[in-house]
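# Fold and geometry: a report
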Amino acid sequence: MAAVEWSSTRRAFEVAWLALVALLVAAVLDDELTRERTGEMRGVLVVSVAVDDTRDSRSGVKFDVNLDLSGMVDIVSDQNTLCLAYKAEPSSAASVHTVLHSVIHTQKERKKELQRMVAGEEKGLVLLDFWVSPFAQRCRIALAEKGLACESVEQELLGEKGELLLRSNPVHKKVPVLLHAGRAVCESLVILEYIEDAFPEVAPRLLSADPLARAHARFWADYVDKTVYGIGTRLWKLKGEGRAAARAEMLETLRTLDGELGGKAFFGGEAFGFVDVALIPLTSWFYSYEEHGGFSVQEEFPRLAEWARRCGERESVAKILTRPEDVLDFIGLLKKCYGIVE
Amino acid sequence: MAGGGDLKLLGVWTSPYVIRVRVALNLKSLPYEYVEENLGSKSALLLASNPVHKTVPVLLHGGRPVNESQVILQYIDEVYASNGPSVLPADPYECAAARFWAAYVDDKVGAAWQGMLFTCRTEEERAAAVARAVAALQTLEGALEECSKGKAFFGGDAIGFVDVVLGGYLGWFGAVDKMIGRRVIDPAKTPLLARWEERFRAAEAAKGVVPDDADKMLEFLPTLLALSAPKSK
């Protein structure tokens, strides 16, 4: 995010003013003011100040303001960055103050909204989310496929978990959680079934009407749940024999899935369905698994790779899946958290 | 109307996952052929029917296999909807709650069950696994209170999804109780569950299916341990 260079005493005064404003903002938002970069992680909103100073570029004080707003503010620009560009004028500090003030106001509105959600007053669909969670993405894809409007509320998972999450999922304290008219549904596959059941008139159906086909779909979704993510985690977390074992299991799993898919367009046949929704978000993690395991899904399981591309052509999938590179970055972040050195 | 075709269940009499399916079939008064599998020498039918996991239970309906106990339970509900009450609630939200708690049971209680019987190498490890089960049961005590709304079962007046899923473990809990000299479902810690256990065991659908002979199970345990086979689900 852009650093600010100030080149005069006047600027230094404005730096102090900005710092004060930032502190006020932080105090109002009850958020921690952190001076450390949080990197390229999406979902972390960075308020950065850019100065278009055409007059004097001799460096003075570098000043960054990073606030972790956990996705609670409306996104103003494309990269989840609220960029305030303004001319270097005496009034510039005041304009910054105005923009930050509207940020504060939006934040307050969001806080009230969340309080209503906690109180169970919100009527619509809300998903407690985490940007990289493949399990949350299952739910978002299903809702998007069905054209069901749902508000995604990004959760703080690496730090302290929010009240709404803890109240909605006291048993596991995990995302995703679907709130429907304030009532919480937890566990992604349970949520998928709930969406089918609660909106029986809404197309497309992700589960067949035929009980045997439903049983097969549930079996394979359960298989995906028991294997891919857990084995994948061992693959990047462990080394040596542990990693080798995980690699072998991952290949076995992908081989089994590839075999089940066979020559079909989707796991259920002609139509995108339950098992596809369960598996497709995990394909964003394939790149990371390939990097850690030294194999290629395209080479070993071309049918599965083709299926992933076919699913990726769907608007819901294209919009919702995390980019594989971002997943790899996230894993890098987790490794740092766990003290794992590659 | 129930679809035509015979029902055959491949199982092992001690498996919690098999027992729950048998209770569900009994609840619907469905006749079926039961085939006791020897896990040390699995039948060709089992291996062909469940090539992915090679485990019991396997329900064969008109020769077509349905695998994974919770999947089988839902299949029975859907195919035999007119054969009496379903174990899963009709209301979508209550159904989601039932699925959630059933998943919790197999995740927490199931893992602890494996630990207390099959993967522990010392009495300390067994005790630790029992402690994990007790902790999970404590959470389920709260769930029972919530789901039953003062009635007999998680499913209310009648046995439901969570009841059959948890009920499958009762045979082994009886055996472990004997091994460790105290109850896994401790009436002092989980009084609602203790009373629930009595009612479940007494139910018609559980008769002859939920083992009540702890000695017989303990006799069978070494056979199972010797197999070191992947465990049934």
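Anything mentioned here points back to the structure above.
Now for a look at the structure at hand. (Residues numbered from 1 in each chain as written. Chains lettered and ligands numbered in written order. Predicted model: local features only at pLDDT ≥ 70, side-chain atom pairs only at ≥ 80, totals over all residues. Heavy atoms only, no water.)

Take the overall build of chain A next. Per the secondary structure count, chain A includes 13 helices and 10 strands. Among the 342 residues that make up chain A, the fraction classed as buried is 49%. Within chain A, residue pairs in contact and separated by at least 24 positions form 76% of the contacts whose partners lie at least 6 positions apart. For chain A, the exposed surface amounts to about 16,400 Å²; the carbon and sulfur share of it is 53%. (Helix = DSSP H or I, 4+ residues; strand = E, 2+ residues; numbered from the N terminus. Buried < 20%, exposed > 50% of the residue type's maximum accessible area, 1.4 Å probe, protein only. Contact = heavy atoms within 4.5 Å. Areas by Shrake-Rupley, 256 points an atom, 1.4 Å probe, with all protein chains shown as cover.)

Once that is clear, we can look at the side chain of Glu197 of chain B. Residue and element names in this part refer to chain B. Structurally, the position occupied by Glu197 is in helix H8 (residues 191-202). Assessed through its relative accessible area of 7%, Glu197 is described here as buried. Excluding residues within four positions of it along the chain, Glu197 makes contact with Leu170, Arg183 and Ile185.

If you walk through the whole model with that rule in mind, you get 29 salt bridges over all chains. Note that Arg20 of chain B and Asp106 of chain B form a salt bridge whose closest N and O atoms lie 2.7 Å from each other. Separated by 86 residues along the polypeptide, Arg20 of chain B in helix H1 (residues 16-27) and Asp106 of chain B in helix H4 (residues 92-119) bring together distant segments of the chain. You can call Asp106 of chain B buried: its relative accessible area is 9%. Lys178 of chain B is paired through a salt bridge with Asp215 of chain B; the nearest N and O atoms lie 2.8 Å apart. Here Lys178 of chain B, found in helix H7 (residues 170-180), pairs with Asp215 of chain B, found in helix H9 (residues 214-227); they are 37 residues apart in sequence, far enough to count as distant. Owing to a relative accessible area of 48%, Lys178 of chain B belongs among the partly exposed residues under this scheme. Linked through salt bridges whose partners overlap, the residues forming this network are Glu193, Asp197, Arg214 and Arg218 of chain A together with Glu78 and Arg99 of chain B. (Salt bridge = Lys/Arg side-chain N within 4 Å of Asp/Glu carboxyl O.)

Residues and elements named next belong to chain A. Ordered in space as S8-S7-S9-S10, the four strands form an open sheet in which the pairing is mixed. The open sheet has two edge strands, strand S8 (151-154) and strand S10 (183-186), and neither has a second partner. Averaged over all pairs of adjacent strands, the angle between their axes in this sheet comes to 25°, without regard to strand direction. Across four bridges, strand S9 (residues 177-180) lies against S10 in antiparallel orientation. Looking at S10, one finds that Leu178 is bridged to Val185. The strands that helix H5 (residues 188-198) touches are S9 and S10; relative to S10, the one it contacts most, it runs at about 125°. (Pairing = 2+ DSSP bridges. Axes fitted to C-alpha atoms, helices over the stretch in contact; angles between N-to-C directions.)

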